[in-house]
Amino acid sequence: MFLPAPAAIVVSVFLFMTLFYLIAQVKSDYSVVDIAWGLGFVLVGLLSLALAPEITVRGIIATGLTAIWGLRLAYHIGSRNWGAEEDFRYQEMREGWGDRAYIISYFRIFMVQGLLMLVISYPLILVNYFTKPGLGILDYVGVAVWLVGFGFEAIGDYQLNQFIKNRKSEDNRIMTDGLWKYTRHPNYFGEALLWWGVYLITFSVSYGWAGFISPITIGYLLLFVSGVPLLEEHYADDEDYQRYAEKTNKFFPWFPKG
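Report on the accompanying structure. (Residues numbered from 1 in each chain as written. Predicted model: local features only at pLDDT ≥ 70, side-chain atom pairs only at ≥ 80, totals over all residues. Heavy atoms only, no water.)

Topic: the overall build of the protein chain
Test applied: Runs of H or I in DSSP of at least four residues are treated as helices and runs of E of at least two as strands, each being numbered from the N terminus. Each radius of gyration reported is based on C-alpha atoms, and the globular scaling rule is 2.2 Å times the count of residues to the power 0.38. Each residue's exposure class comes from its accessible area (1.4 Å probe, protein chains only) as a fraction of the maximum for that residue type: buried when under 20%, exposed when over 50%, partly exposed otherwise.
Looking only at helices and strands, the protein chain features 11 helices and 0 strands. Ordered by position in the sequence, the α and β elements of the protein chain form the string α-α-α-α-α-α-α-α-α-α-α. Rg of the C-alpha trace for the protein chain: 19 Å, near the compact-globule value of 18 Å for 258 residues, within the 12% margin. Oriented by its inertia axes, the alpha-carbon framework of the protein chain measures out at about 60 × 50 × 30 Å. The buried share among the 258 residues of the protein chain stands at 48%.

This is how it looks when you write it as structure tokens:
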């Protein structure tokens, strides 16, 4: 007997994250989970669309936009991290867990991220499981919000990459131009915003209102858990960064002070 669509998606995410856990063990690098992050949402979106009782324009739009975001993010992180040294965050985790890192990491890194992936992609599951034909004003607003968020994330990442690649001195270590002039984390702001766009697109279907858990969760994670706080702590003793922080908003874009 085939599993119902939501159960099949849960099992698929579990197997997907287990596969990346095994890759991480072979490479001795937990950073590969960051590549799995974007690809996992592509998996959930395409699988929920394929298992939908009826494929709708709204479902195609929500799934397609998420796939664009997830593939770009996976490529961006993969091209930067594959073959490089393990991210400092995961190095600290590995050292803290000692000999039990191989088992603790499976649950606290890969399974936790798999669970968060399901929570954040909940609007995708709703829009493809509870289908509704046609488009309304919220769908168009959602696409517009998504485009702004995606632009902040993609352009912010590109500007930072260009800065790192072209800088001529180690004294010039802090990116302060482009979108980074208006927020210290334009890529994180963009990621949080685009999920509000996905939520608005899916709001019109049955129980779509419940999808608010998605942008709330990703916003909370980026602002208070794994995104902004870790980088801010990493640069806490950097005088150049602290001068930059004094005049630049942490998250929401605004004109620099002074």
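Regarding the packing of aromatic side chains
Formally: Here the aromatic set is Phe, Tyr and Trp, taking the six-membered ring for Trp, and pairing holds for ring centres within 6.5 Å; pairs whose planes are under 30 degrees apart are stacked, those over 60 apart are edge-to-face, and all others are tilted. Cation placement over rings: the criterion is NZ of Lys or CZ of Arg within 6 Å of the ring centroid and within 35° of the ring normal.
By the definition in use, this model includes 23 aromatic pairs. When the centroid spacing of 5.0 Å and the interplanar angle of 80° are considered together, the rings of Tyr106 and Phe107 count as edge-to-face. Using a relative accessible area of 12% as the deciding quantity, one classes Tyr106 as buried. Stacked on the ring of Trp82, the Lys or Arg Lys27 has its end atom at 4.1 Å from the ring centre.

Considerations on empty space enclosed by the protein
To keep things clear, this is the line we draw: Definitions used for this entry: grid spacing 1 Å over protein atoms alone; cavity, a set of points where a 1.4 Å probe fits but cannot get out; pocket, an open set with protein on both sides within 12 Å along at least 5 of 7 lines; lining residue, one with an atom within 4 Å of a point. Grid points are joined across faces, edges and corners, and a volume is the space filled by probe spheres set on the points. Each residue gets one label: Ala, Val, Leu, Ile, Met, Phe, Trp, Tyr, Cys and Pro are nonpolar, Asp, Glu, Lys and Arg are charged, and the others, such as Gly, are polar.
Enumeration over the complete set of coordinates arrives at 1 cavity of 30 Å³ or more. Volume-wise, the largest cavity comes out at about 50 Å³. Around the largest cavity sit Ala5, Pro6, Ile9, Ser48, Leu51, Ala52, Ile125, Asn128 and Tyr129, which together line it. Counting only elements with at least two residues in the lining of the largest cavity, the list comes to helix H1 (5-27) and helix H6 (122-129). A breakdown of the residues in the lining of the largest cavity according to their chemical character gives 7 nonpolar, 2 polar and no charged.

Describing the packing of helix H4 (residues 88-97) against helix H5 (residues 101-120)
Basically, it comes down to this: To obtain each axis, a line is fitted to C-alpha atoms, and for helices this fit is confined to the stretch in contact; angles are then taken between N-to-C directions over 0 to 180 degrees. Here the word oblique covers every angle except those under 35 degrees (roughly parallel), over 145 (roughly antiparallel) and from 65 to 115 (roughly perpendicular). Left-handed describes a crossing in which the near helix is turned anticlockwise from the far one by less than a right angle; the clockwise case is right-handed. Residues count as neighbours in contact if any of their non-hydrogen atoms are within 4.5 Å of one another.
Two elements in contact, H4 and H5, have axes whose closest approach is 9 Å; the angle formed by their N-to-C orientations is 140°. The angle between H4 and H5 falls in the class oblique. In this structure, H4 meets H5 at a crossing whose hand is right-handed. Between H4, through Tyr90, Met93, Arg94 and Trp97, and H5, the contact on the second element is made entirely by Ala101, Ile104, Ser105, Arg108, Ile109 and Gln113. The residue makeup of the contact of H4 with H5, split by class, is 6 nonpolar, 2 polar and 2 charged.

Points about the environment of Arg58
Where we set the bar: Under the rule applied, a polar contact is a pair of N or O atoms within 3.5 Å (in protein, one hydrogen donor and one hydrogen acceptor; residues adjacent in sequence only if both atoms are side-chain atoms).
Its place among the elements puts Arg58 in helix H3 (residues 57-81). Take Arg58: its relative accessible area is 3%, and that puts it in the buried class. Spatially, the C-alpha atom of Arg58 lies 27 Å from that of Gln113, the residues being 55 residues apart in sequence. There is a polar contact of 2.7 Å between the side chain of Arg58 and the backbone oxygen of Lys132.

Honestly, it's all geometry; don't read function into it.
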